[in-house]
Amino acid sequence: MAAIGKDILLSAKLLSEGKLVAIPTETVYGLAANALDPIAVAKIFEVKNRPFFDPLILHTYSLEKAMEYVNDFPEPLKILAKTFWPGPLTILLPKKNNIPDLVTSGLQNVAVRVPNHPMTLALLQKINFPLAAPSANPFGYISPTESSHVEKQLGKCIEYILDGGVCKVGLESTIVGIENNGVCIYRFGGLTVGEIESFVGKLEIKINKSDNPNAPGQLKNHYSPIKPLLIGNIETLMEENKSKKIGVLWFGKISEKIKNSLNINLSEEGNLAEAAANLFSALRKLDESDCEIIICSHMPKTGLGLAINDRLERASVI
Ligand code: TXA
Ligand code: MG
């Protein structure tokens, strides 16, 4: 089993030896390897059971350092990096040859981000290579927001879990890039469209949802609990499924009808940031409970609600 601890030097040593270490970030836990070592990177795909066509995000500690791995940094994207790094923003940029093709699944662009977690930033400064890190969950399952989530699912396959507590944002990073001089968004995430648009103007939304995505990693079915997840009007869904044991994912002030059922409230105050932070651990708890199905409704279609709805929809495809 993987050891869990707060030893940054040990993490640096293991990573330098080509081993895998789970790292905390503000979004979700990552499963990290030396990005410049293709053999180490290959282990990530093996442990996660992840298809090789799904590229990995490169993590480093500063904009200056990121420049060592990319050929160009268009001005609008640089403004975003200066404004939001470290933070939940991933930027697609043309890669230099020092980045192995395995990291980008053979694509010309590499996805780069500076995560906002003090332990992982300290770790990145101690090593002389960037880290390739997808979320530290088996491919297709719910992303981990606590070290215990990682241990439960991948503990047998990795050396060490660097414990940085509960992830504050709780949703993966927002992914942006540039096409024909316009900034595009490819994945809704922990940074909202509004926050980004206030610096670079209107974004083109290029969110892909298909079984055969041309924008990699945007599979229709992802982030899924094992139990079926249904989205809709909660009271209607409860009525339609009354023969089954139901787990309700609720948002806002709890209604009398729900009070006595098995439920988890993402945010009693109706706060979307709180709901985002609680989403994946709530889904896990319901998945591990004795309910047979999980039901929820859509979040308000604004701010972080867009990213939460995206995750719920992908999780609900059976
Ligand atoms: O918040 C996050 O981004 C977390 C933490 C650990 O940093 N990481 C994460 O990685 O969510 P992952 O592997 O679960 O999602 C990475 C996604 C891919 O599935 C793909 O959609 C996109 O990032 N991506 C990565 N590299 C890309 C590339 N070169 N071109 C297009 N999309 C890319
Ligand atoms: Mg993932």
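The following refers to the structure shown.

About the cut-offs
Residues numbered from 1 in each chain as written. Chains lettered and ligands numbered in written order. Predicted model: local features only at pLDDT ≥ 70, side-chain atom pairs only at ≥ 80, totals over all residues. Heavy atoms only, no water. Salt bridge = Lys/Arg side-chain N within 4 Å of Asp/Glu carboxyl O. Buried < 20%, exposed > 50% of the residue type's maximum accessible area, 1.4 Å probe, protein only. Helix = DSSP H or I, 4+ residues; strand = E, 2+ residues; numbered from the N terminus. Polar contact = N/O pair within 3.5 Å; in protein donor to acceptor, adjacent residues only side chain to side chain. Contact = heavy atoms within 4.5 Å. Axes fitted to C-alpha atoms, helices over the stretch in contact; angles between N-to-C directions. Parallel < 35°, antiparallel > 145°, perpendicular 65-115°, else oblique. Left-handed = near helix turned anticlockwise from the far one by under 90°. Pairing = 2+ DSSP bridges. 1 Å grid on protein atoms, 1.4 Å probe; cavity = no way out; pocket = protein on both sides within 12 Å on 5 of 7 lines; lining within 4 Å. Points joined across faces, edges and corners; volume = space filled by probe spheres on them. Nonpolar A, V, L, I, M, F, W, Y, C, P; charged D, E, K, R; others polar. Domains from an automatic or database assignment.

1. Details of the pattern of salt bridges
Next up, step 1: The full count for this structure, using the stated rule, is 17 salt bridges.
Next up, step 2: When the shortest N-O distance is used, the salt bridge between Asp 101 and Lys 95 registers 3.5 Å.
Next up, step 3: Where Arg 311 meets Asp 310, a salt bridge forms, and the shortest distance between an N and an O atom there is 2.7 Å.
Next up, step 4: For Asp 310, a relative accessible area of 3% translates into the label buried.
Next up, step 5: Each of Glu 172, Asp 310, Arg 311 and Arg 314 takes part in a single network of salt bridges with overlapping partners.

2. Re the side chain of His 149
Next up, step 1: Within the fold, His 149 resides in helix α7 (residues 147–154).
Next up, step 2: Classification of His 149 by relative accessible area gives buried; the value is 10%.
Next up, step 3: Within the structure, the side chain of His 149 is placed 3.0 Å from the backbone nitrogen of Thr 145, a separation counted as a polar contact.
Next up, step 4: Look past the residues within four positions of His 149 in its chain and what remains in contact with it is Pro 144, Ser 281 and Arg 284.

3. Observations concerning the packing of helix α1 (residues 8–16) against helix α6 (residues 118–126)
Next up, step 1: The geometry of α1 relative to α6 is characterised by a closest axis approach of 9 Å and an angle of 50° between their N-to-C directions. It follows that α1 is oblique to α6 by the angle criterion. Relative to α6, α1 is oriented so that their crossing is right-handed. Between α1, through Ile 8, Leu 9, Ser 11, Ala 12 and Leu 15, and α6, the contact on the second element is made entirely by Met 119, Ala 122, Leu 123 and Lys 126.

4. Some words on the sheet that holds strand β10 (residues 182–187)
Sheet strands pair by backbone hydrogen bonding; their relative direction is either parallel or antiparallel.
Next up, step 1: Ordered by their spatial adjacency, eleven strands build an open sheet running β1-β8-β2-β3-β7-β4-β6-β5-β9-β10-β11, and the pairing between neighbours is mixed. Edge positions in the sheet fall to β1 (3–5) and β11 (204–205), since each of these pairs with one other strand and no more.
Next up, step 2: Judged from the two bridges that link them, strand β2 (residues 21–23) and strand β8 (residues 160–162) form a sheet pairing that is parallel. From the neighbouring strand, Val 21 faces β8, where its bridge partner is Tyr 160.

5. Overview of empty space enclosed by the protein
Next up, step 1: One pass over the structure, following the stated rule, counts two cavities of 30 Å³ or more.
Next up, step 2: In this model, the largest cavity occupies a volume close to 40 Å³.
Next up, step 3: Lining the largest cavity, in full, are Thr 174, Ile 185, Phe 188, Gly 189, Leu 191, Thr 192, Val 193, Gly 303, Leu 304, Leu 306 and Ala 307.
Next up, step 4: When grouped by side-chain class, the residues that make up the lining of the largest cavity number seven nonpolar, four polar and no charged.
Next up, step 5: The two domains that each donate at least three residues to the lining of the largest cavity are domain 1 (3–205) and domain 2 (229–315).

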